[in-house]
Amino acid sequence: MTVSLEVAEGVGTLRLDRPPMNALDIATQDRLKELAEEATRREDVRAVVVYGGEKVFAAGADIKEMQEMDHTAMVLRARALQDSFTAVARIPKPVVAAVTGYALGGGCELALCADFRIAAENAKLGQPEILLGLIPGAGGTQRLARLVGPSKAKDLIFTGRMVKAEEAREIGLVDRVVPADEVYTQAHAWAARLAQGPALALRAAKESIDTGLETDLDTGLAIERNWFAGLFATEDRERGMRSFVAEGPGKAKFL
């Protein structure tokens, strides 16, 4: 399999495994969607790590495969391409990308689908599609601009240049830069800590932020208000408040 889902300590690791560069061909895209939807359904998966291995995250789409596609073929495929990435973005649980080596084109777009990105010191990220006479097609023009702002996104997309890990951190493309041999460990630790938290409240927070960013402030506040009030019906809210009153903040156990 080119993508696998392994679960430990409440954390599901979506592992890309298509040597040597984890090129994201159609089969890999479809498998990624399938497993992202499985991670969404599974109650034993409370947070997710997206990982490409020790050497490379994903160097982009399979260009040889794409070269054989004409306009009609891509019209038929483009939605499925975006849907495979959107399935990762819509996992209603905390998702962290553990980025080593290259995260280019589709690889960068996949990292953009996570809530948090931890990159190796040797990581290089970018959207080089313009060098092929194309633009990003798996969400790059939209998610990158929302994450780093339109000006920085246009710089990366217009030029197709790669950025090293430190510059990626400076512009907000990644959140943390660590030694290469610590990337997965730190990503798993981040996810495992959140896997111990209140699952429905985390889902509410993620959906409120993500959905609110797509709309106006008043609508966003309504989304937040509805989730906030709804959480008062949950056992986790009762447990959290009871623990706070009895023991102080940060002592509640939600599992």
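What counts, and at which threshold
- The numbers attached to residues start from 1 for each chain and follow its sequence in the written order.
- Predicted model: local features are reported for residues with pLDDT of at least 70 only, side-chain atom pairs are reported and counted for 80 or more only, and whole-chain, interface and lining totals are derived from all residues.
- Processing note: side-chain calculations cover all non-hydrogen atoms of the structure and skip hydrogens and water entirely.
- Like-charged residues within 9 Å of one another, or nonpolar side chains (Val, Leu, Ile, Met, Phe, Trp, Tyr) within 5 Å, are grouped into patches, provided each residue has over 30% relative accessible area and no salt bridge.
- Using a 1.4 Å probe, the Shrake-Rupley method yields the accessible areas, and only the shown protein chains count as cover for residues.
- By definition, a salt bridge exists where a carboxyl oxygen of Asp or Glu is found within 4 Å of a side-chain nitrogen of Lys or Arg.
- Per the convention used, a helix needs a DSSP run of H or I reaching at least four residues, while a strand needs a run of E reaching at least two, with both numbered from the N terminus.
- Classification of residues uses two cut-offs on accessible area relative to the type maximum, computed with a 1.4 Å probe and protein chains only: under 20% is buried, over 50% is exposed, and between them is partly exposed.
- Note on pairing: two strands pair once DSSP finds at least 2 bridges between them.
- To get an axis, a line is fitted to the C-alpha atoms, and for a helix only the part in contact is used. The angle between two axes follows their N-to-C directions and goes from 0 to 180 degrees.
- Contact definition: two residues touch when any of their heavy atoms are within 4.5 Å.
- By definition in this entry, angles of less than 35 degrees are roughly parallel, angles greater than 145 are roughly antiparallel, angles of 65 to 115 are roughly perpendicular, and the rest are oblique.
- Handedness of a crossing is defined here by the sense of rotation of the near helix relative to the far one, left-handed for an anticlockwise turn of less than a right angle and right-handed for a clockwise turn.

(A) A look at a nonpolar patch on the surface. Residues Met21, Tyr102 and Met162 make up a contiguous nonpolar surface patch of about 240 Å² in total accessible area. The topology assignment puts Met21 in the loop between strand 2 (11-16) and helix 1 (26-41). Under the relative-accessibility criterion, Met21 is labelled partly exposed at 33%.

(B) Spotlight on the sheet that holds strand 3 (residues 47-51). Strand order in the open sheet formed by six strands is 1-2-3-4-6-9, and the pairing between neighbours is mixed. The sheet terminates laterally at strand 1 (3-8) and strand 9 (176-178), the two strands that pair on one side only. With strand direction ignored, the average angle separating the axes of adjacent strands in the sheet is 20 degrees. Examined bridge by bridge, strand 2 and strand 3 share five bridges and lie parallel to one another. By the bridge assignment, Val11 is partnered in strand 3 with Ala47. In the packing of helix 1 onto the sheet, contacts are made with strand 1, strand 2 and strand 3, and the angle to strand 1 comes to roughly 25 degrees.

(C) Just the packing of helix 5 (residues 140-148) against helix 6 (residues 150-159), in detail. Orientation of helix 5 relative to helix 6, taken along the N-to-C sense of each, is 135 degrees, at an axis distance of 7 Å. Viewed along their axes, helix 5 and helix 6 adopt a mutual orientation that is oblique. You can see that helix 5 and helix 6 cross each other, and the crossing is right-handed. Every residue of helix 6 that contacts helix 5 at Gly140, Thr141, Leu144, Ala145 and Val148 is listed here: Pro150, Lys152, Ala153, Leu156 and Ile157.

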